[in-house]
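Fold and contact review
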Amino acid sequence: MPIAAVNDFVIRFANVNGSGSASANLLFARSILRMGVPIAPRNIFPSNIQGLPTWYEVRVSEEGWLGARGGADMLVAMNAQTFAQDVAALEPGGYLFYDSTRPLPPSSLRDDIVVLGMPLTEICTAEYSDPRQRQLYKNIVYVGALAALLDIDIGVIDTLINERFKGKDKLIAANLSALKIGYDDAKSRFDCPLGVRVRRSDQVGDRILVEGNFAAGLGAVYGGATVCAWYPITPSTSLAEAFERNCARYRVDKATGKKNYAILQAEDEIAAIGVAVGAGWNGARAFTATSGPGISLMQEFFGLAYFAEIPVVVFDVQRGGPSTGMPTRTQQSDLLSCAFASHGDTKHVLLIPDGPNEAFEFAARAFDLAERLQTVVFVMLDLDIGMNSHLCAPFQWDDARTYDRGKVLSFEKLEKAPNFGRYDDVDGDGIPYRTLPGGHPTRGAYFTRGTSRDRFARYTEEGLPYIDNMERLERKFETARGLLPRPVLKRAAKPSRVGVLQYGSTAASMDEAQKMLADEGLHVDTLRIRAFPMTREVQDFIGSHDQIFVVEQNRDAQMRTLISTDLGVATDRWTPILHFNGMPTSARFIHREIAARLRQPAAPQPLEAAE
Amino acid sequence: MTYLAKPKFHHPSIPVNALGFTHRDYEGSMSTLCAGCGHDAISAAIIHACFELSLPPHRIAKLSGIGCSSKTPTYMLGQSHGFNSVHGRMPSVLTGANLANRDLIYLGVSGDGDTASIGLGQFAHAMRRGVDMVYIVENNGVYGLTKGQFSATADRGSTAKKGAAALDQPIDLVGMAIGLGASFVARSFSGDKAQLVPLIKAAFEHKGAAFIDVISPCVTFNNHAGSTKSFDYVREHNIAVNALDVISGRDPIEVDYAEGASQSVTMHDGSTIVLRKLDANHDWRDRSAALATLERARVAGEIATGLIYLDDDASELHEVLGTAERPLNELSERELCPGSKALEAINASLR
């Protein structure tokens, strides 16, 4: 039976990298959004510029489930190289749309799917003489065909094309013509619409569709960052680029044309963090954006910033590790290497957003926290959050909000503070006062160093001042605990002794899985952790549940280790639900894994058995 | 090292500079380096140069990496903020500090291990970016703190204290700095204060990346026969290509050079360098001639010192980036935050 589903399906595009499909696919996705139906688009792309297979997936969900679902109900097969594997992955009853210019051997097709062939190449060859145009407009032609097949309002796509190419009338006309060709051909060739289709709705509201890296880059602009030093690395590059683009727009002095920011593409990640640390030391809000390999390279500087107490923000857009790993796939596998970065006794503040809206907010807030705490603050995104567009609540900013510049002694304050000690815990919260270079002619100068020192920043290798300092840093970490975003609790409809801990990009899939479990009478409470060190609520949640699952996107259950270390709780009886193949975790996966264990509590746990 | 702290009081007739500071106001903590260390002489030269230029001590930021040389910022400019960063990474930290506040004067102190070995990459990129700084390498050819291993500037065939010979080609930081686009490049000797102090002063007056390689004998590990960084060896092989004096706008000094033998350069802040040419073949404005001078000296087994290359019209990093005149670290929400209205427009564009 062909699948029949209105506003609830997954469509997957199989393309060739560099063929211009990305913008056509986004156009398709946005048209559904404009019809008021929530979508979750995802790019699955290789570490390559041209030629290798790439996929684009759009989950359409009127109910608003925006995590990866798994499987596909419709396939737009534009890549001969992956045709067989793509067709094999289609759900039974699914639809295959392909370029039928060259006939396929019948044996390669399944008999439980609906096959829709359109001679796209033939159509475009007849229509366009330039080979590049043939390629590019082929993408728009299939968008037109899909509009007919899925009952998407062609007028909506028309509007989007007009907005996209505003002022470039020739391009608008050419795109509209290609769109119409596809639409008309599909109408005449197939019985439109299909069983899967889009129906106008009002479930999008004021939400926005945006990539997490854009959101974080914008958040850094709003948070007052003035110095960005970075080194290109997937998947963090677009974060620095988003900062640059928004600075160019909002941070250039209109009168002078001068920039109220400085962006430096460094020679490597070590220099990038070095520049950010130098700028933070000198009173600017500074950051770098990187991914796992960069985190490894920056370790020594993280230790310096921790020990010398220098504010700096680091965005880690996590990808598949270890080593070069899976550079274009997602994972949550840098938690431990960031939380305990560098040699010696170190620990660092992590902020863990669940998507673009929090990425914006946490990015801005990270600069306040870094200056308040005089330390490194990591914002832990991942490739799924950073490089995919997500439907989320609109960004918000209160114009009354001011930056927390932390404990900095100005000239006036130094005049009244004759006994300035850089590492003196005056307030008992572990946070000392700092001065900025050039601030006072005779007071406040001190020597910043990674070596051990006393409260007055004087070099010493004696045990007591060293311990005094290390214990103060510990006190400061406790202060941090109270300043960080609280976790988000989602209670089951009925009281439950089963608790699920989760974080970051797992959230959307977890919410859906919680609903799927509840529909089967399996009630679980969930707690989304948003920061390290942990806040009290995490401890309370653990204490009030008998069975704990921790859902992560890494092999080693890094969050479990982090919680165990931070809160001193025994976690050996917890059940990790781990998804780490590089694709985002899905509701189906989480549901299946948790449901199996809840139904058979005595069943052996494969992960522990493997250990 | 000296065990007795210097007395704070001074004679009422002791000279003061244009800011009313005495030499003492530019000094730092007591040195903990070995007695006779070339580095202490360089610190003294830096102190003297800053005093003579009447630089406000608190407007200088002194940064360093790791090693004997990188410890020296503690022993000078006690009223300046200092940052002893990580090994080989002073250039990036200084670059960031400079980006945050373009109004301060930046002094980077490094050593041959810190710059030519672990930090070669950062050295290179700071030079090519034209970071406005004075970058001094205290070059003794050895790692002192780990007891005398060769560094990358040790000459091939020179021997360590216990007889081992350096096997690899030496890195000539001066030649590299010129090649990388540094706009002020000099070499000097810690034992030649008369040459070193004016060079440091000129470097401070220069706008852009000013690099000085100062050969600084390690009295403990590299001052023996067979070393090419010993006091005796450097004195015997030192060939000054020019002599210079700096006439600061703030502190005029009369100089008396024979007509025709000297050339003067006006620096960006209005001060003047007067150069007396000692090597007829050396043209310090010409990059290729400067490199030829270095090569000639190398072949002859000599060490060319003096101002090797100067581009007095170079642009520095902030000019290249087009950053605001006001230091970035002084900007507030008003200049930095686009506000809720702009954000609403951004939201609208994402629907």
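Quick caveat, the model's predicted, so the values are computed rather than measured.

**Here's the deal with the overall build of chain A**
Of regular secondary structure, chain A possesses 20 helices and 24 strands. For a compact globule of 611 residues, the expected C-alpha radius of gyration is about 25 Å, and chain A comes in at 27 Å, within 12% of that figure. Once the C-alpha set of chain A is aligned to its principal axes, its extents read approximately 85 × 70 × 40 Å. Out of the 611 residues in chain A, the part that is buried amounts to 53%. The contacts of chain A with a sequence gap of at least 6 include a subset with a gap of at least 24, amounting to 75%.

**Description of the domain arrangement of chain A**
Splitting chain A by domain gives domain 1 (5-197), domain 2 (210-392), domain 3 (407-484) and domain 4 (488-610). For domain 3 of chain A versus domain 4 of chain A, the distance between C-alpha centres works out to 40 Å.

**Looking at the environment of V349(A)**
Residues and elements named next belong to chain A. Mapped onto the secondary structure, V349 falls in strand β15 (residues 349-351). Separated by 35 residues in sequence, V349 and V314 place their C-alpha atoms 10 Å apart. Discounting residues that sit within four places of it in the chain, V349 has contacts with L369, L373, T375, V377, F378, A480, L484 and F532.

**Let's talk about the packing of helix α7 (residues 212-222) of chain A against helix α12 (residues 356-373) of chain A**
Residues and elements named next belong to chain A. It is the contact of α7 with α12, at a shortest axis distance of 7 Å, that shows an interaxial angle of 25°. Classed by the angle they form, the pair α7 and α12 counts as roughly parallel. Both α7 and α12 take part in a crossing whose hand is right-handed. For the pair formed by α7 and α12, the contact residues are G212, A215, A216, L218, G219, A220 and Y222 on the first element and P356, N357, A359, F360, E361, A363 and A364 on the second.

**Focus on the nonpolar core**
Membership of the largest hydrophobic core comes to 275 residues, with the highest contact counts inside it found for V227(A), A276(A), F287(A), V312(A), V379(A), I200(B) and I308(B). Top contributing element to this core by residue count: helix α4 (residues 131-150) of chain A, with twelve residues. Dropping the residues within four chain positions of it, I308(B) is found in contact with V174(B), I178(B), V185(B), A186(B), R187(B), V241(B), W284(B), A290(B), T293(B) and L294(B). In this structure, Y143(B), F150(B), A166(B) and F221(B) belong to the second largest nonpolar core, which totals seven residues.

**Comments concerning the sheet that holds strand β8 (residues 209-215) of chain B**
The mixed open sheet is built from nine strands, whose spatial order is β18(A)-β2(B)-β1(B)-β3(B)-β4(B)-β8(B)-β7(B)-β13(B)-β9(B). Looking along the sheet, the strands with just one partner apiece sit at the ends: β18 (447-449) of chain A together with β9 (238-240) of chain B. Strand-to-strand twist in this sheet, taken as the mean axis angle between neighbours without regard to direction, amounts to 20°. Here strand β7 (residues 184-189) of chain B pairs with strand β13 (residues 303-310) of chain B via four bridges, running antiparallel. What sits directly across from F184(B), in β13(B), is L310(B).

**Examining the pairing of strand β23 (residues 547-552) of chain A**
Every regular strand shows the same layout, with side chains that alternate between the two sheet faces. All names here are of chain A. With five of six residues buried, β23 lies mostly within the body of the structure. As defined by bridge partners, strand β20 (residues 498-503) adjoins β23 across four bridges and the pair is classed as parallel. Looking at β23, one finds that G499 is bridged to I548. With four bridges joining them, β23 and strand β24 (residues 575-578) adopt parallel strand pairing. Its bridge partner lying in β24, V550 is registered against P576. Handedness of the β-α-β unit built from β23, helix α18 (residues 558-567) and β24 comes out right-handed.

**Here's the deal with the confidence of the model for chain B**
Residue and element names in this part refer to chain B. When pLDDT is averaged along chain B, the result is 90; 93% of the residues meet or exceed 70. Below a pLDDT of 50 lies the segment residues 250-260, which in the model reaches 17 contacts outside its immediate sequence neighbourhood of four places, other chains included. Reported confidence for the predicted complex is 0.94 by ipTM and 0.94 by pTM.

**Side note on the packing of helix α9 (residues 269-281) of chain A against helix α10 (residues 292-308) of chain A**
All names here are of chain A. Contact geometry of α9 with α10 gives a least axis separation of 8 Å together with a crossing angle of 30°. As the angle between them shows, α9 and α10 are arranged roughly parallel. Crossing of α9 over α10 shows right-handed handedness. When α9 is examined against α10, the residues E269, I270, I273, G274 and V277 are found in contact with a partner set consisting of G294, L297, M298, F301, L304 and A305. A class-by-class count of the residues in the contact of α9 with α10 yields eight nonpolar, two polar and one charged.

Reading the values: the criteria
- Residues numbered from 1 in each chain as written.
- Chains lettered and ligands numbered in written order.
- Predicted model: local features only at pLDDT ≥ 70, side-chain atom pairs only at ≥ 80, totals over all residues.
- Helix = DSSP H or I, 4+ residues; strand = E, 2+ residues; numbered from the N terminus.
- Rg over C-alpha atoms; globule rule 2.2 N^0.38 Å.
- Buried ≥ 20, exposed ≤ 12 C-beta atoms within 10 Å, placed from the backbone.
- Contact = placed C-beta atoms within 7 Å.
- Domains from an automatic or database assignment.
- Axes fitted to C-alpha atoms, helices over the stretch in contact; angles between N-to-C directions.
- Parallel < 35°, antiparallel > 145°, perpendicular 65-115°, else oblique.
- Left-handed = near helix turned anticlockwise from the far one by under 90°.
- Core = buried A, V, L, I, M, F, W, Y, C linked by C-beta atoms within 7 Å.
- Pairing = 2+ DSSP bridges.
- Right-handed = clockwise from strand over helix to strand, strands pointing away.
- pLDDT = per-residue confidence, 0-100.
- Nonpolar A, V, L, I, M, F, W, Y, C, P; charged D, E, K, R; others polar.

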